[in-house]
Every structure is written in structure tokens, then in C-alpha cells.
Amino acid sequence: MALDQALLAQGNELTYHRNSQQAACGKYAQVLSRLATPCRILEVGCHTGFFTEVLKNLRHEVIGIDCNSQAVQYAQNRGLPVLHADIEYAGCFGEFGQPFDVILLMDVIEHLRSPKQVLTSIRPLLTLPGRLLITVPNVSYWA
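Criteria and thresholds
In this numbering scheme, every chain counts its residues from 1 along its sequence in written order. Per-residue local features of the predicted model are confined to residues with pLDDT of at least 70, and side-chain atom pairs are confined, for both listing and counting, to 80 or more; whole-chain, interface and lining totals are unaffected and use all residues. Each side-chain value is worked out from all heavy atoms of the structure, with water and hydrogens disregarded. Throughout this description, buried means an accessible area under 20% of the type-specific maximum (1.4 Å probe, protein chains only), exposed means over 50%, and partly exposed covers the range between. Secondary structure counts use DSSP, requiring at least four H or I residues in a row for a helix and at least two E residues in a row for a strand, with both numbered from the N terminus. Pairing between strands requires that DSSP locate at least two bridges from one strand to the other. We call a crossover right-handed when, viewed with the strands running away from us, the connection from the first strand over the helix to the second turns clockwise. For this document, the term salt bridge refers to a Lys or Arg side-chain nitrogen within 4 Å of an Asp or Glu carboxyl oxygen.

**Observations regarding the pairing of strand β2 (residues 61–66)**
Okay, step 1: For β2, the buried fraction is high: 5 of the 6 residues fall into the buried class.
Okay, step 2: With 5 bridges joining them, strand β1 (residues 40–44) and β2 adopt parallel strand pairing. Along β2, the bridge assignment pairs Arg-40 with Glu-61.
Okay, step 3: Viewed along the sheet, the connection from β1 through helix α3 (residues 50–57) into β2 turns out right-handed.
Okay, step 4: Bridging between β2 and strand β3 (residues 82–84) involves 3 bridges; their strand directions are parallel. Its bridge partner being in β3, Asp-66 is matched across the sheet by His-84.

Below is the structure:
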């Protein structure tokens, strides 16, 4: 049994895990179409790092962060640059070195208690002219 299937079978909270083939469609394809290559990306809420891996394979310099320790461990076990952090904690971003060209918040902002606070805290991490790309779920989607 593959590692991701084994983790899911054990009841671990990796419910948002995707595979790299899913990056070629939907919102992932839309985000990819808006990225210059290569660029420095912070992927906030990367979960198991499937999109982090896609970005890395496309030669972007990417760092992912997520608050789910099991998902972060899964990503790190696959050699992905993913950190465990709660973005609602003001000091969580620490020092990433140079600023990012792109910050991604894909289906993250709707989970935050204080989106304005988080957006304010990540602003200094963005280059000029950097891009903040935010996606939100489609409330009209029946599934």
C-alpha cells in the first residue's frame, strides 16, 4: 500500500491530500497560468505539499506552510520544503530571507478568524511588484 493510502487508512487527517495530476485542472491550472517562471513562492496552507511539489518541479523556489502537523510530516518525508506553523500567530513567519514574488492562499482565507490580521502580517513578505493569489471554495458547487 502506498504511503499516502496507508496514512489515510489509519484515519490521519490528510483529507485534503491531492495528487499531482489534479494540478492540471481547475483552480490549480488557473494559478499556474498566472505565475512567471521561475519565481519565489510562499504557499500558505499547503497541507501535504502536492501543489508545492508541482511548483518545485516547474523550477519555482517554493516554501510551504501548514498548521496540520501530520500533513507537514508527510510532505517533509517526501523531501518537500514545508514548515509547520499557524499563520494566525503573528510571529509564525519568522525570517524567510528575501521576499516572495508570489504568496498563495488557496482555500485558506475562509478558515481564518482574522483574515485582515493575516493579510497585514504577510504583506511585508511580498516583493514589489509581488502578487497575492487567493482562491476560495465555490459555494455553488454541489459536492
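Okay, back to it.
**Some details on the pattern of salt bridges**
Okay, step 1: Within the structure shown, the criterion is met by 4 salt bridges.
Okay, step 2: In this structure, Asp-107 and Lys-27 form a salt bridge, with 2.3 Å as the shortest nitrogen-oxygen distance. Placement of the pair is Asp-107 in the loop between β4 (100–106) and α5 (115–122) and Lys-27 in helix α2 (residues 26–33), with a sequence separation of 80 residues.
Okay, step 3: Among the residues examined, Asp-107 registers a relative accessible area of 22% and is labelled partly exposed.
Okay, step 4: Salt-bridge contacts for Arg-40 lead to Glu-61; the nearest nitrogen and oxygen are separated by 2.9 Å. Linking Arg-40 in strand β1 with Glu-61 in strand β2, this pair joins segments that are 21 residues apart in sequence.
Okay, step 5: Taking relative accessible area as the criterion, Arg-40 reaches 6% and is therefore assigned buried.

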